[in-house]
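# Coordinate inspection notes
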Amino acid sequence: MTRNSELRLVYCSNRYVPARGGLEVFLRNVAGAMARKHRVTVVAACHDERSLVDSLVSPLPIDGIVTNDGGLPVVVPVRLSPISRFAARLLRAEPRIVSLAPRERYYSIRSAFTRYAAYLIQRAVKPYVDEADLVHSFGPWEVSHAVSRLRPKAPHVVTGFLHTGFWADDVFSRQHFLSCDHVIALSQVERDDYVRLGVPENRLSVVPVPMTDWRAGRHRDARNREAGTQPTVLFLGVKR
């Protein structure tokens, strides 16, 4: 394969824009940039604010599906057969079971339901994964685990977004990270979290997300000092 060869890239995530969130924006930016030189397809379970379960049990009508994001990658929401859609109703039991179980059992319960959802999704994901030169899934959740179950011939890259105590540190996700040949963290803090999960340090690298040009930041700091003001930090996020 030559250096300028066009690749077939498949990006996978539970949700995609116009669903709101930092992960969704990050996925859109990465996939959009790669689509300038390669064939890109985004496979998502849903693209709105509903839960994954709601999107699987009662999918959007065909005219509500985003098939082209302004010339960026095509979005193909995961569609289930009527039988699988009926079976997905069992996923609604998770919150009730979690509320009745001891807190220390949360992660094992969550992992069991994640495995079940991945099993339901994998057949819908398979046709796109089979044709890919590289698969990149965002967040080690149901769609990402469905890809892992398929064992695609193409390399499978996972951006973990590990957030200890909130997501991606359940039993299933931990096994997912431990099975990887290499894990790339987005920060030193995240790398330390992977180490605590048991990922060997020799299989870890840190590739930070660039925020701004350091020289521009230095000039802004100089102007702030001249004006007698302090630097301002703006945080954008989604409250869960």
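A brief structural summary. From a predicted model like this one, the values you see are computed outputs, not experimental measurements.

Strands sit in the order E3-E2-E1-E4-E5 across an open sheet of five strands; the sheet is parallel. At either margin of the open sheet sits one strand with a lone partner, and together these are strand E3 (74-77) and strand E5 (156-159). Sheet twist, expressed as the mean angle between neighbouring strand axes with direction ignored, is 20°. Strand direction decides the pairing type here: strand E2 (residues 39-46) and E3, joined by four bridges, are parallel. Looking at the pairing, Thr-41 lines up with Val-74 of E3. Set on the sheet, helix H6 (residues 142-150) makes contact with strand E1 (8-15), E2, strand E4 (134-138) and E5; between it and E1 the angle comes to about 135°.

Those residues of helix H7 (residues 171-178) that sit buried are Phe-172, Ser-173, His-176 and Phe-177. The arc that holds every buried residue of H7, seen down its axis, measures 135°, which confines them to one face. Close packing links the buried residues of H7 with helix H5 (106-130), H6, E5, strand E6 (183-185) and helix H8 (188-197).

Attention now goes to the packing of aromatic side chains. What the rule picks out here adds up to five aromatic pairs. Taking 5.9 Å as the distance between ring centres and 80° as the angle between the ring planes, the aromatic pair formed by Phe-26 and Phe-138 counts as edge-to-face. With Phe-26 in helix H1 (residues 22-34) and Phe-138 in strand E4, the pair connects residues that are 112 residues apart, well separated along the chain. A residue is classified by how much of its surface remains accessible, and Phe-26, at 24% relative accessible area, is partly exposed. Between the aromatic rings of Phe-26 and Phe-161, the centroid separation amounts to 5.8 Å while the plane-to-plane angle is 85°, which identifies the pairing as edge-to-face.

Turning our eyes to something else, we now look at the pattern of salt bridges. In this structure the tally under the stated criterion is nine salt bridges. One salt bridge connects Asp-130 with Lys-126, and the closest N-O pair in it is separated by 2.6 Å. Remark: Lys-126 and Asp-130 occur in helix H5; sequence separation between them is four residues, near one turn of the helix. A relative accessible area of 47% places Asp-130 in the partly exposed class.

Further remarks concern the nonpolar core. If you look at the biggest cluster of nonpolar residues, it comprises 26 residues, and the most contacted ones within it are Cys-12, Leu-56, Val-78, Leu-91, Ile-121 and Val-125. For this core, the secondary-structure elements that each account for two or more residues are E1, E2, helix H2 (52-57), H5 and H6. In terms of residue count, the dominant contributor to this core is H5 (nine residues). Every residue in contact with Val-78, bar those within four places of it in the chain, is listed here: Val-43, Ala-44, Ala-45, Ile-121, Ala-124 and Val-125.

Quick notes on the rules
What you see as residue numbers is a count from 1 along each chain, following the sequence as written. In keeping with the predicted nature of the model, local features appear solely for residues at pLDDT of at least 70, side-chain atom pairs appear and are counted solely at 80 or more, and the whole-chain, interface and lining totals rest on all residues. Excluding hydrogens and water, the side-chain values take into account all heavy atoms of the structure. Paired strands are those between which DSSP finds at least two bridges. Secondary structure is summarised from DSSP: a helix means a run of H or I of at least four residues, a strand means a run of E of at least two, and numbering begins at the N terminus for each. Fitted lines through C-alpha atoms give the axes, limited to the stretch in contact for helices. The angle between two N-to-C directions lies from 0 to 180 degrees. It only takes one pair of heavy atoms within 4.5 Å for two residues to be counted as in contact. Accessibility here uses a 1.4 Å probe with only protein chains present; expressed as a share of the type maximum, an area under 20% marks a residue as buried, one over 50% as exposed, and anything in between as partly exposed. Arc definition: directions from the helix axis to the C-beta atoms. Two aromatic rings from Phe, Tyr or Trp, using only the six-membered ring of Trp, form a pair when their centres are within 6.5 Å; if the ring planes differ by under 30 degrees the pair is stacked, by over 60 it is edge-to-face, and anything between is tilted. Any Lys or Arg side-chain nitrogen found within 4 Å of a carboxyl oxygen on Asp or Glu counts as a salt bridge. Remark: nonpolar core denotes a set of buried residues (Ala, Val, Leu, Ile, Met, Phe, Trp, Tyr, Cys) joined through side-chain atoms within 4.5 Å.

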